[in-house]
Amino acid sequence: PRIWSLGPNPSGGAVTFALAPTVSGRLEVFDTLGRRVWAQHVAKGEVARWDGTENGRAVPGGIYQARLVTEAGTQQAQLIRLP
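Everything quoted here is computed from the prediction, not taken from an experiment.

*Asks:* In this structure, what is going on with the sheet that holds strand S9 (residues 73–81)? I would like to understand it.
*Replies:* Pairing between sheet strands relies on hydrogen bonds along the backbone, with the strands arranged either parallel or antiparallel. Read from one edge to the other, the open sheet built from four strands follows the order S4-S3-S8-S9, with strand pairing classed as antiparallel. Two strands close off the open sheet at either side, each with one partner strand: strand S4 (36–42) and S9. The average undirected angle you get between the axes of adjacent strands in this sheet is 20 degrees. Pairing analysis gives nine bridges linking strand S8 (residues 62–70) to S9, with the strands arranged antiparallel. Pairing of Ala 66 across the sheet is with Ala 77, part of S9.

*Asks:* Honestly, the environment of Val 15 in this entry has me stumped. Any pointers?
*Replies:* Note that Val 15 resides in strand S2 (residues 15–19). Setting aside residues up to four positions removed in sequence, Val 15 forms contacts with Leu 6, Gly 7, Pro 8, Ala 48, Arg 49, Trp 50 and Leu 79.

*Asks:* In this structure, what is going on with the pattern of salt bridges? I would like to understand it.
*Replies:* Taken as a whole and judged by the stated rule, the model has four salt bridges. A salt bridge links Glu 28 to Arg 36; the nearest nitrogen and oxygen atoms lie 3.3 Å apart. A network of salt bridges, in which partner residues are shared, links Arg 26, Glu 28 and Arg 36.

*Asks:* Would you mind going over the sheet that holds strand S1 (residues 4–7) with me for this structure?
*Replies:* One open sheet accounts for three strands, arranged S1-S2-S5; its pairing is antiparallel. Every other strand in the sheet has two partners, leaving S1 and strand S5 (47–50) as the edge strands with one partner each. Across the sheet, the mean angle separating the axes of adjacent strands is 15 degrees when strand polarity is ignored. Across four bridges, S1 lies against S2 in antiparallel orientation. Residue pairing for S2: Leu 6 is matched across the bridge by Phe 17.

*Asks:* Just to check I follow, could you spell out unusual backbone geometry for this structure?
*Replies:* Most peptide bonds take the trans configuration, and most residues that are not glycine carry a negative phi. In this structure, Pro 8 follows Gly 7 across a cis peptide bond, with omega equal to 0 degrees. By the secondary structure assignment, Pro 8 is in the loop between S1 and S2.

*Asks:* Explain the packing of aromatic side chains to me, please; I cannot follow it from the model alone.
*Replies:* Here a ring pair, both rings aromatic, is described through the centre-centre distance and the interplanar angle of the planes. Applying the stated criterion to the full structure yields four aromatic pairs. Pairing Trp 4 with Phe 17 gives two aromatic rings, centres 6.2 Å apart and planes at 10 degrees, and the pair type is stacked. Of this pair, Trp 4 sits in strand S1 while Phe 17 sits in strand S2; the two residues are 13 residues apart in sequence, bridging distant segments of the chain. The burial state of Trp 4 is the same as that of Phe 17; both residues are buried. Taking the centre distance of 6.4 Å and the plane angle of 35 degrees together, the rings of Trp 38 and Trp 50 count as tilted. Taken as a pair, Trp 38 in strand S4 and Trp 50 in strand S5 lie far apart in primary sequence, twelve residues in all.

Each value, and the rule that gives it
- Residues numbered from 1 in each chain as written.
- Predicted model: local features only at pLDDT ≥ 70, side-chain atom pairs only at ≥ 80, totals over all residues.
- Heavy atoms only, no water.
- Pairing = 2+ DSSP bridges.
- Helix = DSSP H or I, 4+ residues; strand = E, 2+ residues; numbered from the N terminus.
- Axes fitted to C-alpha atoms, helices over the stretch in contact; angles between N-to-C directions.
- Contact = heavy atoms within 4.5 Å.
- Salt bridge = Lys/Arg side-chain N within 4 Å of Asp/Glu carboxyl O.
- Phe/Tyr/Trp six-rings, centres within 6.5 Å; stacked < 30°, edge-to-face > 60°.
- Buried < 20%, exposed > 50% of the residue type's maximum accessible area, 1.4 Å probe, protein only.

Treat this as a map of the structure, not an account of what it does.
Structural data, given as structure tokens:
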């Protein structure tokens, strides 16, 4: 079962990640080269927001992998960034 959601997807701006009320973990976003461009620890039921930047600079449009790592395991989702 899915324990998190993200949106909007595709997005040309910020993306919101929402975790289920019983889940906490680390959210990460990776580019096509496998470089982590964003990461944040998220508490149970918390909402996190990635503004589409890496070190203050907008990342280019393309396909990214969003990953949620919890004690129970890892889930991934494709995230499309519009130019």
